[in-house]
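Breakdown of the fold
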Number of protein chains: 4
Amino acid sequence: MNLSGIFPALTTPFAPDGSVSILGVKENIRRYSTTGLAGYVVLGSTGEAVMLNREEADAVLAAAKEAAHPDKILIAGTGAESTVETIVRTKRAASLGYQVALVKTPYYYKPAYRPDTFIQHYRAVADASPIPVLLYSVPIFTGITLEAPEIITLSAHPNIIGIKDSSASVQRLGEILAGVPSDFQVLTGGAAVVYPALAVGARGAILALANALPEKCVELFHLFQQGKHEEARQLQIQLVEASKRIVSENGIAGVKFVMSQRGYHGGDPRLPLLPLKEEKKQAILSYISQLYPSLAPA
Amino acid sequence: MNLSGIFPALTTPFAPDGSVSILGVKENIRRYSTTGLAGYVVLGSTGEAVMLNREEADAVLAAAKEAAHPDKILIAGTGAESTVETIVRTKRAASLGYQVALVKTPYYYKPAYRPDTFIQHYRAVADASPIPVLLYSVPIFTGITLEAPEIITLSAHPNIIGIKDSSASVQRLGEILAGVPSDFQVLTGGAAVVYPALAVGARGAILALANALPEKCVELFHLFQQGKHEEARQLQIQLVEASKRIVSENGIAGVKFVMSQRGYHGGDPRLPLLPLKEEKKQAILSYISQLYPSLAPA
Amino acid sequence: MNLSGIFPALTTPFAPDGSVSILGVKENIRRYSTTGLAGYVVLGSTGEAVMLNREEADAVLAAAKEAAHPDKILIAGTGAESTVETIVRTKRAASLGYQVALVKTPYYYKPAYRPDTFIQHYRAVADASPIPVLLYSVPIFTGITLEAPEIITLSAHPNIIGIKDSSASVQRLGEILAGVPSDFQVLTGGAAVVYPALAVGARGAILALANALPEKCVELFHLFQQGKHEEARQLQIQLVEASKRIVSENGIAGVKFVMSQRGYHGGDPRLPLLPLKEEKKQAILSYISQLYPSLAPA
Amino acid sequence: MNLSGIFPALTTPFAPDGSVSILGVKENIRRYSTTGLAGYVVLGSTGEAVMLNREEADAVLAAAKEAAHPDKILIAGTGAESTVETIVRTKRAASLGYQVALVKTPYYYKPAYRPDTFIQHYRAVADASPIPVLLYSVPIFTGITLEAPEIITLSAHPNIIGIKDSSASVQRLGEILAGVPSDFQVLTGGAAVVYPALAVGARGAILALANALPEKCVELFHLFQQGKHEEARQLQIQLVEASKRIVSENGIAGVKFVMSQRGYHGGDPRLPLLPLKEEKKQAILSYISQLYPSLAPA
């Protein structure tokens with residue numbers, strides 16, 4: 001299982017009545033099939049997985065699987081707070097045809113969670129999982145950071161194939177890479193550090209931004225692969241700005257808004273995430289029309 | 001609805017096979033009925049609510065309701081990440097006979113959540129809820145703090161009757177009390193600050209420690225009510241130590257261990273929360289045998 | 001040495017040319033002598049000690065000593081980053097007639113500072129100091145918190161008589177009081193928690209707010225001493241608001257502005273601390289004119 | 001003034017009696033002259049500037065200037081808490097022949113410091129300084145982070161030539177580089193991210209690690225300059241480990257210990273920084289003997 005390349009952390013589109021738009025899930029994925037993306041992450045943080053109930057989550061997984069081209073790698077977010085529920089979700093994803101489980105850290109009982117907690121949790125999940133496990137550290141949402149020592153320990157497990165580190169710390173990527181086997185796959189979740197992450201040895205990236213600007217994210221990856229370092233650097237600086245204006249400043253609502261502008265099923269996130277205010281929409285529109293002149297307001 | 005007094009944030013006992021012990025839920029509550037506790041909080045943070053699936057959560061709510069004496073106030077934890085799911089859970093609790101809904105803040109999408117997010121979320125929940133809503137701010141677990149300004153804004157809603165603030169910040173309690181109507185009920189979640197919280201105007205407390213040491217928590221409340229300030233101070237200092245050794249240092253596992261020692265259904269928490277190590281058990285045992293000589297190791 | 005009561009952490013007035021106003025130092029202290037304050041802290045955080053060079057600091061210490069009534073306790077802030085410089089400053093303060101040295105934690109090399117660092121530092125200072133040492137933990141400025149275990153360890157030193165804890169954590173005060181000898185004097189630095197701090201066993205308070213509203217701070221202390229708990233509670237709630245509007249929202253500039261309004265030598269702080277903007281001044285003025293109608297704008 | 005290359009943030013050696021070793025300062029610099037370092041930073045964080053009094057600081061500056069080869073760029077750390085003292089120190093450094101002033105952010109009054117505070121502070125310093133100013137953001141010690149917007153604003157000042165960002169955030173470097181003029185010089189302070197920092201456009205690095213391992217740091221820079229990306233990546237991973245074991249885990253004491261082993265004047269840091277414990281020394285020795293077999297214990 002080779003995770004090289006760019007994966008979008010797919011958004012989940014909602015219909016105007018607030019229900020999940022299964023049609024939207026499928027149509028988005030069909031359109032992405034032409035962009036050079038390596039596969040799809042379904043039910044990640046950007047997918048509002050924590051906003052969906054069990055039936056909704058299952059429906060999204062099934063729809064995405066149905067729509068995805070068989071050449072694309074399918075990764076399901078399956079992390080829950082309890083070990084047992086994480087295993088339940090992981091098995092369900094495997095039974096639906098997903099190839100990799102992306103398992104975020106438990107995070108509610110922070111004061112009680114120690115490195116050993118995560119080591120035991122991930123080992124239990126990986127032991128029980130029919131599919132390979134990708135660790136997932138996303139401190140911006142969870143308040144929990146997997147640090148290099150526990151990642152290195154876990155990299156010895158035969159069913160743990162890598163990590164998505166969304167901390168945007170290139171230093172931590174280096175610390176991980178200094179200790180894991182060469183086939184342990186490190187992916188970054190930070191669109192603003194894709195190029196430096198690849199430069200220090202990451203395999204690829206799982207990005208919210210790749211919902212909105214898949215072509216540019218893929219282009220950056222290809223420039224790096226081709227050894228075009230100066231062009232990669234310049235595109236990275238452009239994506240630093242894009243990531244800030246779309247993702248950092250506006251979150252999922254910003255990503256979905258750009259998707260809508262570009263013809264994808266975007267829409268609003270689910271409450272309590274608030275829809276974008278009009279002035280935010282105008283600011284984004286003004287910005288992305290520089291990148292895609294066809295999107296410029298008339 | 002008068003929330004004066006001490007409420008335990010009930011633990012959820014698990015059977016040896018890992019399933020919820022419905023018998024344990026009921027027997028614990030029946031024993032608590034003799035202790036002077038004002039009521040019970042079911043499915044709070046200490047109740048491992050985030051570890052339970054929907055069916056388990058419903059079963060615990062039903063069992064606790066069945067076992068509770070009708071004079072005791074029943075409060076259900078019903079907060080979920082999405083507004084819609086929070087409303088679903090709140091209505092379910094109401095239909096099961098719960099009198100108050102304790103609604104923790106949403107917390108996953110921290111960078112996107114602003115005061116206005118919480119105000120809109122709580123208003124929507126309170127509008128839809130058949131029972132009064134108690135705000136719940138528990139930054140140690142969620143990384144989110146409700147601050148005085150948004151609490152004061154929300155205190156104007158007729159179906160929001162108070163807040164459980166688990167931050168242990170007596171300063172914040174003062175800031176809240178300086179701005180809310182006099183019938184808005186402020187409860188602390190910090191066993192180490194019950195007396196100073198009462199002194200500045202809190203009505204009571206919802207405590208993990210009250211699972212383990214209900215009599216002492218209730219006694220502290222009564223001393224305060226009777227104006228016995230010096231005795232209250234001395235007991236509070238004792239409970240600072242108890243809270244540190246049992247709750248802060250050992251979490252839910254520590255609370256459950258002391259419960260077991262005292263004849264309640266304690267047991268281990270659910271994974272990834274790890275069971276107490278033997279030396280931790282010995283340290284707690286050695287400590288609590290000072291408080292309850294009958295528990296001293298032979 | 002009994003530190004019961006309220007001490008202002010004195011501001012340092014500057015002349016229009018930016019130099020220290022020695023006249024202002026003296027006149028402020030002379031006016032405070034009528035207010036019931038127990039003494040004065042010179043060169044604390046509110047005194048902009050870190051903004052003064054050696055000659056300026058010496059001049060302020062000398063002027064304050066000269067102006068202070070002999071019945072008032074004189075405390076000098078003498079903490080520096082290095083142990084040796086802290087000792088130098090402490091000896092200088094003692095030689096100038098100060099009775100207590102308030103020694104803030106070192107804080108620059110945070111990643112290297114451990115509890116043992118502070119224990120060794122304070123022991124060395126206390127061993128060398130001709131006057132008693134008061135520990136000083138002020139995390140809002142230093143990023144360093146002295147925790148109860150190291151404070152309890154240090155409380156055994158015969159020349160360490162207490163601590164000023166400015167964290168506003170009443171819980172920590174309880175943790176300290178649970179472990180120190182009964183003659184170890186705990187003072188709070190948080191005007192918003194004076195009453196609850198006294199309730200759990202603090203001796204007094206060292207307050208920025210006491211520069212601006214000394215009478216009210218002293219009154220709160222007296223109400224507590226007289227066992228007038230409900231009146232103390234009400235005044236405390238009033239001071240929560242005062243502390244927020246003057247100190248928390250406006251810092252030293254806010255304190256100095258209120259001092260100026262009340263006839264003390266206030267003035268602006270030293271750059272890079274910026275002077276108050278006009279709208280902030282109006283907001284404070286509008287607020288404090290409720291407390292002191294004579295200060296209301298015409 | 002071209003700051004391309006590697007600069008050590010020089011340590012300050014102390015004699016056994018605790019005084020500054022002026023001989024050590026000079027001899028260290030003379031030895032560094034053969035290593036390919038681009039120049040020297042004197043009185044930075046690693047130089048224990050906050051531990052030195054005025055006379056000691058002046059003596060170190062003078063000694064370093066005297067010993068340095070005229071081709072090397074001399075940078076003096078001149079930041080103080082107050083704007084006026086920062087200007088005094090900057091002028092003194094200029095008068096002693098220093099070419100650039102490295103000015104760390106003020107940091108004590110954190111709650112009062114806003115982006116505008118830093119903008120006004122740095123403009124005042126740069127206006128008054130006879131030599132170019134390098135901004136210095138070092139949150140690990142100060143708790144203050146200069147963010148891209150204020151850095152971009154300040155980059156317009158003709159006497160502010162760049163920034164040393166010690167946050168190790170490659171993302172922030174990208175955000176800075178996306179907004180500053182192309183001649184604004186960005187240097188990283190993080191030895192673990194030198195290569196990715198250069199890859200996104202940094203000019204060079206100012207490193208504590210370059211005291212201990214100057215040759216390796218310089219080699220990394222040269223590999224990057226020569227477009228040898230894979231070799232640079234491999235050496236960077238090696239330096240991630242070195243930086244962790246020497247600097248992150250052991251601080252200035254670790255850097256000085258390795259210096260001593262390699263024949264420089266290292267010694268202990270000044271108290272309250274504690275000397276390395278024996279087991280830490282053995283761990284470092286064991287590690288660096290892999291890098292420099294001649295240092296292996298017999």
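Quick note: structure is the one above.
This section reports on the structure supplied with the text. (Residues numbered from 1 in each chain as written. Chains lettered and ligands numbered in written order. Predicted model: local features only at pLDDT ≥ 70, side-chain atom pairs only at ≥ 80, totals over all residues. Heavy atoms only, no water.)

1. Quick look at the relation of the copies chain D and chain C
There are two copies of the chain, and a rotation about an axis plus a shift along that axis relates them. Superposing chain D onto chain C takes a rotation of 180 degrees combined with a translation of 0.0 Å along the rotation axis, leaving an RMSD of 0.0 Å. What the rotation and shift describe, once combined, is the action of a two-fold rotation axis. Residue Gly-143 of chain D, judged by its C-alpha, is the member of chain D lying nearest the rotation axis, at 3.4 Å. Interface overlap between copies is the fraction of interface residues in one copy that are interface residues in the other; for chain D against chain C it reaches 100%, indicating a shared surface. (Least-squares fit on C-alpha atoms with pLDDT ≥ 70 in both. Contact = heavy atoms within 4.5 Å.)

2. A word on the interface of chain B and chain A
Taken together, the 35 residues of chain B in the interface contact 36 residues of chain A. Taken over both partners, the interface formed by chain B and chain A buries close to 3000 Å², and the fraction arising from carbon and sulfur atoms is 64%. If you sort the residues of chain B by the area they bury against chain A, Tyr-108, Tyr-109 and Pro-272 of chain B come out on top, with a joint share of 25%. One can count two salt bridges joining chain B with chain A. Note that Arg-54 of chain B is salt-bridged to Glu-55 of chain A, the shortest N-O span being 2.9 Å. If you look at where chain B meets chain A, you find twelve residue pairs in polar contact (both at pLDDT 80 or more). Broken down by secondary-structure element, the contributors of at least two residues to the side of chain B that touches chain A are helix 2 (54-67), helix 3 (83-95), helix 4 (115-128) and helix 5 (139-142) of chain B. In terms of residues, the side of chain B that touches chain A owes the most to one element, helix 4 of chain B, which gives four residues. Here the residues of the side of chain B that touches chain A are counted per class, giving 19 nonpolar, eight polar and eight charged. (Buried area = accessible area lost by both parts, 1.4 Å probe. Salt bridge = Lys/Arg side-chain N within 4 Å of Asp/Glu carboxyl O. Polar contact = N/O pair within 3.5 Å; in protein donor to acceptor, adjacent residues only side chain to side chain. Helix = DSSP H or I, 4+ residues; strand = E, 2+ residues; numbered from the N terminus. Nonpolar A, V, L, I, M, F, W, Y, C, P; charged D, E, K, R; others polar.)

3. With respect to the relation of the copies chain B and chain A
Laying chain B over chain A is done by rotating through 180 degrees and shifting 0.0 Å along the axis; what remains is an RMSD of 0.0 Å. When the interface residues of chain B are mapped onto chain A, 100% of them again lie at the interface, so the same face is used by both copies.

4. Considering the packing of aromatic side chains
Tallied over the entire structure, the rule returns 36 aromatic pairs over all chains. Judged by centre distance (5.0 Å) and plane angle (90 degrees), the rings of Tyr-108 of chain C and Tyr-109 of chain C are edge-to-face. Residue classification places Tyr-108 of chain C among the buried positions, given a relative accessible area of 1%. Residue classification places Tyr-109 of chain C among the buried positions, given a relative accessible area of 2%. Members of the aromatic cluster, joined through ring pairs, are Tyr-107, Tyr-108, Tyr-109, Tyr-113, Phe-118 and Phe-141 of chain A together with Tyr-107, Tyr-108, Tyr-109, Tyr-113, Phe-118 and Phe-141 of chain B. Against the face of Tyr-264 of chain B rests Arg-31 of chain B, its NZ or CZ located 3.9 Å from the ring centre. (Phe/Tyr/Trp six-rings, centres within 6.5 Å; stacked < 30°, edge-to-face > 60°. Buried < 20%, exposed > 50% of the residue type's maximum accessible area, 1.4 Å probe, protein only. Lys NZ or Arg CZ within 6 Å of the ring centre and 35° of its normal.)

5. Considering the sheet that holds strand 3 (residues 73-77) of chain A
Residue and element names in this part refer to chain A. With parallel pairing, the eight strands of this open sheet are ordered in space as 1-8-7-6-5-4-3-2. At either margin of the open sheet sits one strand with a lone partner, and together these are strand 1 (5-8) and strand 2 (39-42). Across the sheet, the axes of successive neighbouring strands diverge by a mean angle of 25 degrees, strand direction being ignored. Relative to strand 3, strand 2 runs parallel, the two sharing four bridges. When the sheet's bridge partners are listed, Gly-39 is paired in strand 3 with Ile-73. Packing of helix 10 (residues 214-225) onto the sheet brings it into contact with strand 1 and strand 8 (204-207), and relative to strand 1 it is tilted by some 160 degrees. (Pairing = 2+ DSSP bridges. Axes fitted to C-alpha atoms, helices over the stretch in contact; angles between N-to-C directions.)

6. With respect to the environment of Arg-123 of chain A
All names here are of chain A. Inspection of the secondary structure assignment puts Arg-123 in helix 4 (residues 115-128). With 31 residues separating them along the chain, Arg-123 and Leu-154 place their C-alpha atoms 7.4 Å apart. Beyond its immediate sequence surroundings of up to four residues, Arg-123 is in contact with Thr-153, Leu-154 and His-157.

7. What about the arrangement of the chains?
Between chain A and chain C there is no contact, and the shortest C-alpha to C-alpha distance separating them is 17 Å. No interface is formed between chain B and chain D, the nearest pair of C-alpha atoms being 17 Å apart.

8. Some details on the interface of chain D and chain C
Across the boundary between the two partners, chain D contributes 35 residues, which contact 35 residues of chain C. Carbon and sulfur atoms make up 64% of the surface buried where chain D meets chain C, a total of about 3000 Å² over both sides. Across the chain D-chain C interface, the total number found is two salt bridges. Across the chain D-chain C interface, the total number found is twelve residue pairs in polar contact (both at pLDDT 80 or more). If you list the elements that add at least two residues to the side of chain D that touches chain C, you get helix 2 (54-67), helix 3 (83-95), helix 4 (115-128) and helix 5 (139-142) of chain D. Looking at which element gives the most residues to the side of chain D that touches chain C, the answer is helix 4 of chain D, with four residues. Split into classes, the residues belonging to the side of chain D that touches chain C amount to 19 nonpolar, eight polar and eight charged.

9. A look at the pattern of salt bridges
Residues and elements named next belong to chain D. For the coordinates displayed, the defined rule picks out 44 salt bridges over all chains. Across the pair Glu-56 and Arg-270 runs a salt bridge whose closest N-O atoms are separated by 3.0 Å. Pair noted here: Glu-56 is in helix 2 and Arg-270 is in the loop between helix 12 (251-261) and helix 13 (278-291), with a separation of 214 residues, a long-range link. A single burial state applies to Glu-56 and to Arg-270, both of which are buried.

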